[in-house]
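# Results of the structural survey
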Amino acid sequence: MLNSQFELDPDRDPAAEALRAAVAAALPATPGHYDELRSGCELRAPWARFFALLGAEGLGDLDRRAEQAAQQVRHNGITHNVYAEGDPAAGADRPWPLRVLPFLIEPHEWAGIEAGVRQRAALLDAMAADVYGEQRLLREGLLPPALVFGHPGYLRPLQGAGVPGGVRLHVVAFDLARGPDGQWCVVSQRTQAPSGLGYLLENRLIVSRLYPEAYRELRVQHLASAYRRMLDTLHSLAEPIARAAGDGAPQLALWTPGPYSETYFEHTYLARYLGLPLVEGADLSVRGERLYLKTVQGLQPVHGLLRRLDDAWCDPLELRPDSALGVPGLLQVLRAQQVVMANALGAGFLESPAVHGFMPAIALALQGQPLALPTIETWWCGEAAVWEQVRGDLAGAVVRPAFHGADPGGPRDAVIMATQSPAERVRLAARIAQQPEAYAVQRYLPFSQAPVWDEAHLRPRSALLRVYAIADGAGDWQVLPGGLTRTATRDAYFVSMQRGGTSLDTWVMTDGPVDTYSMLPQRLRPEQLAGHRWPVASRTAENLFWMGRYTERTEHLVRLALATADLIDDDDDAAPAVLEAVSQLAEASGLAPPGVPSLAQAPRVFERAVVAALGDADGAASGATSIAYNLAALSRSANALRERLSTEHGRLVRAMREDFQRDVARVAGAFPASAGFAATELLDALEHLAGQLAAVTGAQTDRMTRDDGWRLLTIGRLTERLIAMATTLREFVARGALAHAQGFDMLLTLFDSTITFRARHHGRQELLALLDLLVADEANPRALACTLRRLRTELRKLPAASGPIEGLLALLPQEGAGATLAELGTDLGADGFVVDDARVVALCDRLAEAGARLSDEIGRRYFALAAGDERHLYA
């Protein structure tokens, strides 16, 4: 076993065999690259300890652990969307690429990284303050004015504007690489909205559980205190703003571009982990010089934003006018210092690679000391003397745009000149000569190579480490003891997630105590509890409302599809009235495309049209809005609600869509179109989907907090049910389908009320008894009266900030279903009671119309707050 010096007895300990196996499986790094795993023919000390702690299982168990990690990524729904040109899957949710082995950093190495990163974070904050303040750096020539003012990241509207607490940068990220000499240096820096904080946390949660003993024995430093520091800093800076406005406790939020962002998973995960509401630009509104969140309770003040949106998109009035992601008037709020923005807008120019070449002199001027962590040698070509110096030595360099879009016709990304042909180098040099200020040149640095487990070998892959510095609000910085390590594919030159790169959990080992801080906050006092109940944003409420509607609508379509299949498969000829009722209902609900011949006219044409529409997710091919169409809409709503839905709930929704698409495609490939519902696999797919929908309904009903958001989800479901059930009953009554046993039984099936009816009225087929159960029975959840009773109950609980609830209730009948059974027919005395079909049809029309009007009015009141409606302003 391992002794205190981690020496092995090869005759007694299986760890020795594990080490021998690791050495045998380790392939050498590419010549010229530092090998993170090996030193000569031996494993480096931290890796020797790691593999020794794996014990007898050793490398033989890594495939199983890798599958465990991949399964956990799928289980947690961890995705990363890549929007790359020419990629047919661009924009699709891709599983987050996580390798099974960690990246190990020894204590003495981390001490140097930590000191250098703290110094650089403070320097960048000081540079931003100077550029937007006294501009000493520009006057003294330490930073070329053309580089700053020519960069789109410099925002002239904010020149001279202060920031709350004097802190401009709250979170800064640095991409570090280790060179062939083993020394770390800075490759790039991110000062706008650094990404990766959520992914690195997920990486830690997954990988640390794969190696619990190694994680403990190697004394890996924990991460939670850095996230608490970030929250505490934002809270302390926002507190004076809230106090001055008389708003009580400051309200913070995480601002996301929305579900189409490539890192949207991270935004939802971070919001949940930090306990912040997730908001989009459309959720926010400016009134005067203050920022508000649109909620179902009205406008609520926002005092701090942790943003995940680049500067240019934040305010369409003063920045990019084509931005649909920003908040009009936001810069006015920032100039008034009425909101803490993390990070402050305007620091984008610091991300330019051209800035790196000037930072050593700036550090001496502002901090009085040299940079502890060096930068790759960098030259800005905008200085004529510099360009003349480097233009003849580009073969061993990397050419980078000084900023995105600096030269619209030039390369968008870094160009490693060693990979270019002589002719390509000449062409690029000529392009730089035409617009030298648009480019920076860096010395090529071969990145160190870390081990990844691949095809039974420890293969070296070029690695780039992103570390994060977090401001404490008082002039100092805390460096998160870990980071997001990204590795290249087989191409040793490029480390990029867009180029198929993968990630590693980063383990920083410590010689001192391991920080065991938890993100669990301090104990609350009773008077503080109200401040922890955030209102429901209008966009969130709208997505919940439509999630309820789409769930109910899909469930109705599945029942209708199965009932239609049974009707077609029935050996007995169905009455024309029943066939017409089903055909009209299928077309009205979107199950069948408009204009298709009915079952009575052309049964096979109708059947094939319905089956073809089932899997049409966008409705373009069939013209129908059938099951796959509504599953896609449901999935979009759920995706926009990832911070509110449980992992299981979100996974159920994804599984429904994926399983149904797969099953329908399989049926389409195995059977001719003429098979229709005769393909039992198709019926199996519908039955499987019905079971999944029942599970989703259970999650929505019994596993969500009963706040205003859940209430609107429930109202959405009930509104859709009211419209669907009223429309269904109308078609069957109007077409005379209930005079036939098939029609009678099918209506009970569609209302999911067959068992109840047969238990009450065994052997009977009377319309009055049917209406009693489906219209008037307030105990039957599918009955119109029960649906309306529940709607009235939930509506009364909605906030009245947007107007009296009585206005919504007035759209519905005051009690029951809006008509008694006696009012739906005529009592003929001894001849019995006769139902008047016209009265039933009229009632159904009124209820369906009431449902549609209720949906519109809820949208007007709670989802589209009027810009000038000051009644909602809770200041």
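Here the structure is a predicted model, which is why all the values come from computation and not from measurement. (Residues numbered from 1 in each chain as written. Predicted model: local features only at pLDDT ≥ 70, side-chain atom pairs only at ≥ 80, totals over all residues. Heavy atoms only, no water.)

## Examining the pairing of strand β6 (residues 252-255)
- Here β6 shows no split at all, with Leu-252 and Leu-254 on one side and Ala-253 and Trp-255 on the other all buried.
- In this structure, β6 lies alongside strand β11 (residues 304-307), joined through four bridges in parallel fashion. Residue pairing across strands places Leu-252 opposite Gly-304, the latter belonging to β11.
- Judged from the two bridges that link them, β6 and strand β7 (residues 278-279) form a sheet pairing that is parallel. Across the sheet, Leu-254 pairs through a bridge with Leu-278, a residue of β7.
- For the segment spanning β6, helix α10 (residues 264-274) and β7, crossover handedness is right-handed. (Buried < 20%, exposed > 50% of the residue type's maximum accessible area, 1.4 Å probe, protein only. Helix = DSSP H or I, 4+ residues; strand = E, 2+ residues; numbered from the N terminus. Pairing = 2+ DSSP bridges. Right-handed = clockwise from strand over helix to strand, strands pointing away.)

## A closer look at the pattern of salt bridges
- Counted by the stated rule, this structure contains 49 salt bridges.
- Close ionic contact of Arg-717 with Glu-555 constitutes a salt bridge, the shortest N to O distance being 2.9 Å. You can see Arg-717 sitting in helix α22 (residues 708-734) and its partner Glu-555 sitting in helix α16 (residues 538-569), a full 162 residues away along the chain. Glu-555 matches Arg-717 in its accessibility class, with the two residues each being buried.
- One network of salt bridges, with partners in common, ties together Glu-552, Glu-555, Arg-559, Arg-717, Arg-721 and Arg-782. (Salt bridge = Lys/Arg side-chain N within 4 Å of Asp/Glu carboxyl O.)

## Section: the packing of α22 against helix α28 (residues 837-863)
- The N-to-C vectors of α22 and α28 enclose an angle of 155°; their axes lie 8 Å apart at closest approach. Here α22 lies roughly antiparallel to α28, going by the angle between them. As for the relative orientation of α22 and α28, their crossing is left-handed in sense.
- Residue composition of the contact of α22 with α28, grouped by class: 17 nonpolar, four polar and three charged. (Axes fitted to C-alpha atoms, helices over the stretch in contact; angles between N-to-C directions. Parallel < 35°, antiparallel > 145°, perpendicular 65-115°, else oblique. Left-handed = near helix turned anticlockwise from the far one by under 90°. Nonpolar A, V, L, I, M, F, W, Y, C, P; charged D, E, K, R; others polar.)

## Description of the side chain of Gln-700
- Within the secondary structure, Gln-700 is located in helix α21 (residues 680-702).
- The class for Gln-700 is buried, based on a relative accessible area of 1%.
- At 3.1 Å, the side chain of Gln-700 and the side chain of Thr-551 are in polar contact.
- Residues within four places of Gln-700 in sequence aside, it is in contact with Met-547, Thr-551, His-649, Trp-710, Leu-713 and Arg-717. (Polar contact = N/O pair within 3.5 Å; in protein donor to acceptor, adjacent residues only side chain to side chain. Contact = heavy atoms within 4.5 Å.)

## Looking at helix α15 (residues 422-434)
- Counted at 1.5 Å a residue, the expected span for α15 with its 13 residues is 18 Å, and the 19 Å between its end C-alpha atoms agrees.
- Within the span of α15, buried status applies to Leu-428, Ala-429 and Ile-432. For α15, the buried positions fall inside an angular range of 105° around the axis, keeping them on one side. Exposed residues lying more than 90 degrees from the buried face of α15 are Val-426, Arg-427 and Gln-434.
- For α15, the secondary structure elements touched by its buried residues are α14 (384-390), β14 (397-401), β15 (415-416) and β16 (439-443). (Expected span 1.5 Å × (residues − 1). Arc of directions from axis to C-beta.)

## Description of the packing of aromatic side chains
- This model, assessed by the stated rule, comprises 20 aromatic pairs.
- Each member of the aromatic cluster is reached from another via a ring pair, and the members are Trp-47, Phe-50, Phe-51, Tyr-211, Tyr-215 and Trp-507.
- A cation over a ring is seen here: Arg-706 above Trp-710, with NZ or CZ 4.3 Å from the ring centre. (Phe/Tyr/Trp six-rings, centres within 6.5 Å; stacked < 30°, edge-to-face > 60°. Lys NZ or Arg CZ within 6 Å of the ring centre and 35° of its normal.)

## Let's talk about the confidence of the model for the protein
- Considering every residue of the protein, the mean pLDDT works out to 89; 92% of them sit at 70 or more.
- Note that residues 527-531 has pLDDT below 50 and, in this model, three contacts with residues that lie over four places away or in other chains.
- For residues 866-875, every residue scores under 50 in pLDDT, and the model assigns this stretch 23 contacts once sequence neighbours within four places are set aside. (pLDDT = per-residue confidence, 0-100.)

## Some details on the packing of helix α23 (residues 741-750) against helix α25 (residues 767-776)
- Across the interface, α23 lies against α25 with an axial gap of 12 Å and an inter-helix angle of 10°. As judged from the angle between their axes, α23 and α25 are roughly parallel. On α25, the residues touching Phe-744, Leu-747 and Leu-748 of α23 are Leu-767, Leu-770, Leu-773 and Leu-774.
- Of the residues that constitute the contact of α23 with α25, the class distribution is seven nonpolar, no polar and no charged.

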